[in-house]
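# Working through the structure, step by step
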Amino acid sequence: MSTCPDIPGADSPYRALPISDHVYWVGAVDWALRDFHGYATERGTTYNAFLILADKVTLIDTVKRPFADEMFARIASVIDPAKIDVIVSDHSEMDHSGCLPDVLARAPHAALYASPNGVKALTDHFHLAHPILAVKDGEQIDLGNMALTCLETRMLHWPDSMVSYLDADRILFTNDAFGMHYATAERFADDLDPAILYHEAKNYFANILTPYAGLVLKVLDRLQGLALPMDIIAPDHGPLWREDTESILGWYTEWAEQCPTTKALIVYDTMWGSTEKMARALAEGLAAGGAQPKLIPLSGSHRSDVALELLDAGALLVGSPTLNNNLFPTVADVLYYLKGLRKQNLIGLAFGSCGWGGEAVTQVQELLTAMKVEQVVDPLKIKYVPTGDVLARCVALGTQIAETLRARTQEHNDAEV
Amino acid sequence: MQKYECPLCGYIYDPTLGDPGNGIIPGTPFAELAGSWSCPDCGADKEDFEPAE
C-alpha cells in the first residue's frame, strides 16, 4: 500500500459543506470521469462522503482513492480527521471504500462498521489488521447523542449494500441507490435542471440497478412501511434530494416495475447498408402498427446508451451483419452487456443480412432467448442486398410486432384497473 | 440431484459439491439444508432459492 496522503493545509481549496444541523458533505467531485466500468459517464460524477458531528464523530463512506486529498481537506476544514470515532461503510465498492485504509491510518482508534456481507467484502478488498464490526439489519450504531440505524439492502447493488438513517437530522444515507453520475458544483437536486436529473438518474438505474429491479420494489415497500421522516435522501453519487424526495422515489417505482410499453428499440450495425435498410423498414412497420420505434446505430452509440433506452422499451429488435461467421463486434458487445442487465417483459426479433454463412442472426436469436426475450416472429436472415419484397416483409413484421406490443400493453393496463 | 439457484446473485447450490465453507458436506440435498442457511455469496435466504434449469 502506498503511503497515506498528508492532510492538506489551510490553503487547500476544498471545504466541507454543511447539509443539516450535524452533517457535512465531505466528498469529491470527479469532473473528468467518462467511463465507469464500461458505463459512459458524459457528465462526470461525485463520490459523496458524509461527516456527522455527533458525540462520536462519524464518517459515512469515503471517496475513490485518487481523491483522498480532496476528502481529507474537506474533513480537516471542520475537524481534525484523527478525531473520527466511527466509520460506516454502506458499500464496499472502491469508489466509496477506497480511502478506508487512509482514514484508519489517520484515526487508528476509530470503530469501522459494515453489514455482515460488507465485513467479508472489505476484508477481501483491503486485508486490514483493523477489526471490522458487523452491523446487522435493523441494528443501531450508538453515536452518543444520536443513533444511526442500518438497514441491509443486499444486492442493491452488491451483497454488502446497506442504507443508514440518522434520526436526529432525518437523513437517509443510501449508498448507490437514488444516485447518478453527475458532477456539479451544486450539492442539492432542487438547485439543478429536473430534466437532466431525470435523465441521469434513469441512466444510473438502467445501467446499475436493472438486474435487481424486483429487489428495488421490495426496498421501496419496506421504506414506505417504516415511514421514516426523510428531510434528505443522501446517495453516494450525484446531488442530494431535499425538497423532492418523493420524485426520486416515484421514478424508482416506475423504472423498477418494468411495465410493458409500446416503445420498440431497433439496435443494429451494418457493413454495406443492407442490415440498416432492414432496420429502417422494420421501423416503418412498427410505427404503422402503432408502436414507437427508435433506431440505435451501434456505429455511433455506446452500450450504456442502449441500456438507458431499453429501460422503458417493450421490444428489442437486434440486427447484425455476419462478419467472418460471427456476430458483428459492436452487436456482440451490446448483447452481452444487456444480457447481464436482465431487463424483463421484452419481445424481440433477430435479423440481418449476410453474404454467406449468416451465423450472426442465429447467434442473436440464441442470445435473445438466453435473455428471455420472447420472439413472437421467426428470425429474418437475407443474402446481400434486400429486395423490395424483403423490405415489404420487414414492414409487415414490424407491424405484427407493434400489434403484439399494443395487445400486451392493453392487457397489462386492463389488469391494473 | 436438483440444483438450486440464488435469484439475487446467480449462485448455484450444487448438492454434489455442498457448501463446505459453511459446513455443508458434499452430497447434501437442498431440502436438508437448515432454514437458517443462506446464500454464501450474497446472503439471500434459503426460501428465496429456485430450482435451477
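Residues numbered from 1 in each chain as written. Chains lettered and ligands numbered in written order. Predicted model: local features only at pLDDT ≥ 70, side-chain atom pairs only at ≥ 80, totals over all residues. Heavy atoms only, no water.

### Examining the interface of chain B and chain A
Which entries qualify depends on this criterion: In what follows, residue pairs with any heavy atoms lying within 4.5 Å of each other are defined as contacts. Buried area is a sum: the accessible area each of two parts loses on coming together, probed at 1.4 Å, counted once for each and added. Every case where a carboxyl oxygen of Asp or Glu lies within 4 Å of a side-chain nitrogen of Lys or Arg is listed as a salt bridge. For the purposes of these results, a polar contact is taken to be a pair of N or O atoms within 3.5 Å, where, inside protein, one atom must be able to donate a hydrogen and its partner to accept one; residues adjacent in sequence count only when each atom of the pair is a side-chain atom. As a working rule, the residues Ala, Val, Leu, Ile, Met, Phe, Trp, Tyr, Cys and Pro are called nonpolar, Asp, Glu, Lys and Arg charged, and the rest polar, with Gly in that last group.
Facing the nine residues of chain B at the interface are eight residues of chain A. Of all residues in chain B, Leu8, Cys42 and Gly43 of chain B give up the largest surface area on contact with chain A, accounting jointly for 63% of the area buried on that side. Run the count over chain B and chain A and you get zero salt bridges. At the boundary of chain B and chain A, one finds two residue pairs in polar contact (both at pLDDT 80 or more). Class assignment of the residues belonging to the side of chain B that touches chain A gives a composition of six nonpolar, one polar and two charged.

### Quick notes on helix 6 (residues 213-226) of chain A
Residues and elements named next belong to chain A. Heads up, the condition is: Strands here mean DSSP runs of E at least two residues long; helices mean DSSP runs of H or I at least four residues long; both are numbered from the N terminus. To estimate the expected span of a helix, count its residues, drop one, and scale the result by 1.5 Å. We call a residue buried when its accessible area falls under 20% of the maximum for its residue type, exposed when it is over 50%, and partly exposed in between, using a 1.4 Å probe and counting protein chains only. Think of it as the arc spanned by the lines of direction from the helix axis to the C-beta atoms.
The end-to-end C-alpha separation of helix 6 is 20 Å, in line with the 20 Å expected for 14 residues at 1.5 Å each. Among the residues of helix 6, those classed as buried are Ala213, Leu215, Val216, Leu220 and Leu223. Looking straight down helix 6, one finds that the buried residues subtend no more than 150 degrees of arc, so they occupy a single side. Opposite its buried face, helix 6 presents the exposed residues Lys218, Asp221 and Gly225, each directed more than 90 degrees away. Elements in contact with the buried residues of helix 6: strand 15 (171-173), helix 5 (194-209) and helix 7 (245-257). Immediately downstream of helix 6, the backbone of Ala227 shows phi near 50 degrees, a positive value.

### Here we look at the environment of Ser164 of chain A
All names here are of chain A. Positionally, Ser164 belongs in strand 14 (residues 162-166). In sequence terms Ser164 and Leu148 are 16 residues apart; their C-alpha atoms lie 6.2 Å from each other. Residues within four places of Ser164 in sequence aside, it is in contact with Ile60, Asp90, Leu148, Thr149, Cys150, Ile171, Leu172 and Phe173. Within polar-contact distance, the side chain of Ser164 engages the side chain of Asp90 at 3.0 Å.

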